[in-house]
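# Reading the structure
Listed below, chain by chain, are the residues.
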Amino acid sequence: MAVPGALFLPADAAGPALADGAESIARDIASIARISAVPSLLRVICQHTGMGFAAVARVTDGTWTACAVEDSIGFGLQPGGQLDVHTTLCKESRAVRRPIVIDHASRDPVYRAHHTPRIYRIESYVSVPIVMPDGSYFGNLCAIDPRPARVADNGALAMFTAFAELIAQQLQQVRLQQATEAQLLDARAAADLREQFVAVLGHDLRNPLNSVGATAELLARRAEPDLAATGERLRATVRRMAALIEDVMDFTRSRLGSGIGIAPAPTEDLAEALLDVVAELRDSHPQRQVEVRLALAGPIVCDRGRLQQLLSNLLGNALAHGAPDRPVRVEGWTEPGLLVLAVTNGGEPIPPEHAQKIFEPYWRPAHSTPGGGLGLGLHICAQIVKAHGGTLTVKSSRENGTRFEARLPSGA
């Protein structure tokens, strides 16, 4: 299935006749691309409804622009692709700020004579507004298919609505972060704006994240293997987002002067707790090799949950930045009065001039990929180790790889 040629305009060929400037459109496409959960949400929509095309669209009075796309039916749009907004139902949805849902267009008493289903030769259609928290209209979360589909039931529409709310909340955070990055001219301005971002992120994301988490749990319990697998992937995404929120909230608490809180206690099963972290990250990176060597003699006096967070951040960092064809090694052992945890990965070494900066909050190398995180993970690791009275160091070379090593009093 292909979009009629006269209606498809690549972003670079849209021309000045469009009401929106190319820079503004490109900025919004890039903002949606920075929301890591969007591809998973679009896949869930297609698998849950049986529809073959889903998209996040930027919709104004004059333009319809695809910002993110899941397409298994060859509809022909990619991010940046545009449709004549007057040929779409998203324009009508925008006008009334309400969803439009069609199960079987050729039999629908309202839409069987409508021009949109005939132009694009579709039978099923969903379009749900994406309205920003300040009330401004961004666009629509939509899905189509040339075949009829059961999408008008409350469950499917509730899923679309929850996902649209999540996208709006995340987009607000991305825009705030982008504005912050553009306006940071000195250390004081950086601190003030980042604190605003942290406060909004921690407060506003929890409710939509809970909605998506509930949807993931429902999908994971489905008997159909594809839906269950999708639910598991979405559940993993929710866990990563929840960890991000926890990181920024920890950072906020530390900035307020209370530091990272820990609750040390004698722990007999620290090795099992750390292996749980490794198993979770292995599941989310099935193509990577993670070697584990633990020799922990207990009990070890520590905050069990915080050490799991420490290992999760260090291992996640190694998987993100290490060479994909080299194994990541996790080691842990005890010495008299001391616990040592180390994570090593191969790949390009950390430049010497960066070695002292990587533990600073919000610091990321200039060449980092957009959407790779906020730059808080290693800072939180350093704060957890500090709260335990230990030290966290990094050594990096092309021959030996990059090794982060935490040495903490074990209380033994």
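As the structure is a prediction and not an experimental result, all values here were calculated from the model. (Residues numbered from 1 in each chain as written. Predicted model: local features only at pLDDT ≥ 70, side-chain atom pairs only at ≥ 80, totals over all residues. Heavy atoms only, no water.)

## Examining the overall build of the protein chain
A count of helical and extended segments in the protein chain gives 11 helices and 13 strands. Each of the 412 residues in the protein chain was classed as buried or not, and the buried ones make up 48%. Residue pairs in contact within the protein chain that sit at least 24 positions apart in sequence constitute 68% of those at least 6 positions apart. As presented, the protein chain carries roughly 19,500 Å² of accessible surface, and 53% of it is formed by carbon and sulfur atoms. (Helix = DSSP H or I, 4+ residues; strand = E, 2+ residues; numbered from the N terminus. Buried < 20%, exposed > 50% of the residue type's maximum accessible area, 1.4 Å probe, protein only. Contact = heavy atoms within 4.5 Å. Areas by Shrake-Rupley, 256 points an atom, 1.4 Å probe, with all protein chains shown as cover.)

## Details of the sheet that holds strand β13 (residues 401–409)
Taken in spatial order, the 5 strands make up an open sheet running β8-β10-β11-β13-β12, and their pairing is mixed. At either end of the open sheet lies a strand with only one pairing partner, and these are β8 (290–295) and β12 (391–397). Averaged over all adjacent pairs, the angle separating strand axes in this sheet is 10 degrees, with direction ignored. Note: strand β11 (residues 338–345) against β13, 8 bridges, orientation antiparallel. If you follow A342 over to β13, its bridge partner there is E405. Contacts between helix α9 (residues 270–284) and the sheet are confined to β8 and β11, with β8 contributing the most and set at about 175 degrees to the helix. (Pairing = 2+ DSSP bridges. Axes fitted to C-alpha atoms, helices over the stretch in contact; angles between N-to-C directions.)

## A look at the confidence of the model for the protein chain
Chain-level statistics for the protein chain give a pLDDT mean of 82 and a share of 77% at 70 or above. Counted against residues more than four places away or in other chains, residues 2–19, with its pLDDT under 50, gives 31 contacts. (pLDDT = per-residue confidence, 0-100.)

## Re the packing of aromatic side chains
The tally for this structure, following the rule as stated, stands at 3 aromatic pairs. Aromatic side chains F75 and Y120 sit 6.0 Å apart centroid to centroid with 50 degrees between the ring planes, which places their arrangement in the tilted category. Pair noted here: F75 is in the loop between β2 (64–71) and β3 (82–83) and Y120 is in helix α4 (residues 115–120), with a separation of 45 residues, a long-range link. F75 gets classed as buried once you look at its relative accessible area, which sits at 3%. Ring centres of F359 and F404 lie 6.0 Å apart, and the angle between their planes is 90 degrees; on these two criteria the pair is classed as edge-to-face. With F359 in the loop between β11 and α11 (377–387) and F404 in strand β13, the pair connects residues that are 45 residues apart, well separated along the chain. (Phe/Tyr/Trp six-rings, centres within 6.5 Å; stacked < 30°, edge-to-face > 60°.)

## Describing the sheet that holds β3
Strand order in the open sheet formed by 6 strands is β3-β2-β1-β6-β5-β4, with antiparallel pairing between adjacent strands. Sheet topology places β3 and β4 (100–102) at the edges, where each strand pairs with a single neighbour. With 3 bridges connecting them, β4 and strand β5 (residues 124–131) associate as antiparallel partners. When the bridges of β5 are listed, V101 appears paired with V126. In the packing of helix α2 (residues 38–49) onto the sheet, the strands contacted are β1 (53–59), β2 and β6 (137–145), and the crossing angle to β1 comes to about 130 degrees.

## Topic: the nonpolar core
The biggest cluster of nonpolar side chains holds 38 residues, and the ones touching the most others in it are I32, I45, V56, L141 and F163. Element by element, the count of residues in this core is highest for helix α5 (residues 154–183), at 9 residues. L270, C302, A318 and V328 belong to the second largest nonpolar core, which has 35 residues in total. (Core = buried A, V, L, I, M, F, W, Y, C linked by side-chain atoms within 4.5 Å.)

## As for helix α10 (residues 304–321)
The terminal C-alpha atoms of α10, which comprises 18 residues, lie 26 Å apart, in line with the 26 Å expected from a rise of 1.5 Å per residue. Buried residues of α10: R306, L307, Q308, Q309, L310, L311, N313, L314, L315, N317, A318 and L319, and no others. For α10, the capping residue at the N-terminal end is D303, with a side-chain oxygen 3.2 Å from the backbone nitrogen of G305. (Expected span 1.5 Å × (residues − 1). Polar contact = N/O pair within 3.5 Å; in protein donor to acceptor, adjacent residues only side chain to side chain.)

## Some words on the environment of S36
By secondary structure assignment, the location of S36 is in the loop between α1 (22–33) and α2. When the C-alpha positions of S36 and Q170 are compared, they lie 9.6 Å apart, and in sequence the two are 134 residues distant.

## Description of the packing of α9 against α10
Two numbers describe how α9 lies on α10: the axes approach to 9 Å, and their chain directions differ by 35 degrees. Regarding α9 and α10, the two cross each other, and that crossing is right-handed. Here α9 contributes L270, A273, L274, D276, V277, V278 and L281 to the contact with α10, which in turn contributes R304, L307, Q308, L311, S312, L315, G316 and L319. Of the residues belonging to the contact of α9 with α10, the class tally is 10 nonpolar, 3 polar and 2 charged. (Left-handed = near helix turned anticlockwise from the far one by under 90°. Nonpolar A, V, L, I, M, F, W, Y, C, P; charged D, E, K, R; others polar.)

## Concerning the side chain of N317
Considering the arrangement of structural elements, one finds N317 in helix α10. The residues touching N317, leaving out its near neighbours within four places in the chain, are G322, L378 and F404.

## Section: the pattern of salt bridges
By the definition in use, this model includes 12 salt bridges. Close ionic contact of R175 with D28 constitutes a salt bridge, the shortest N to O distance being 3.3 Å. Linking R175 in helix α5 with D28 in helix α1, this pair joins segments that are 147 residues apart in sequence. With a relative accessible area of 30%, R175 lands in the partly exposed category. Under the relative-accessibility criterion, D28 is labelled buried at 9%. A salt bridge links E331 to R329; the nearest nitrogen and oxygen atoms lie 3.4 Å apart. (Salt bridge = Lys/Arg side-chain N within 4 Å of Asp/Glu carboxyl O.)

## Observations regarding the environment of L408
Take L408: it is sitting in strand β13. We classify L408 as buried; its relative accessible area is 1%. C-alpha separation for the pair L408 and T334, spaced 74 residues apart in sequence, amounts to 9.6 Å. Contact partners of L408, with chain neighbours within four places excluded, come to L307, G337, L338, L339, V385, H388 and G390.

## Observations regarding the pairing of β13
Inspection of the sheet shows β12 paired to β13 by 7 bridges, in the antiparallel sense. Bridged to T391 within β13 is R407. As consecutive antiparallel partners, β12 and β13 are separated by 3 residues.

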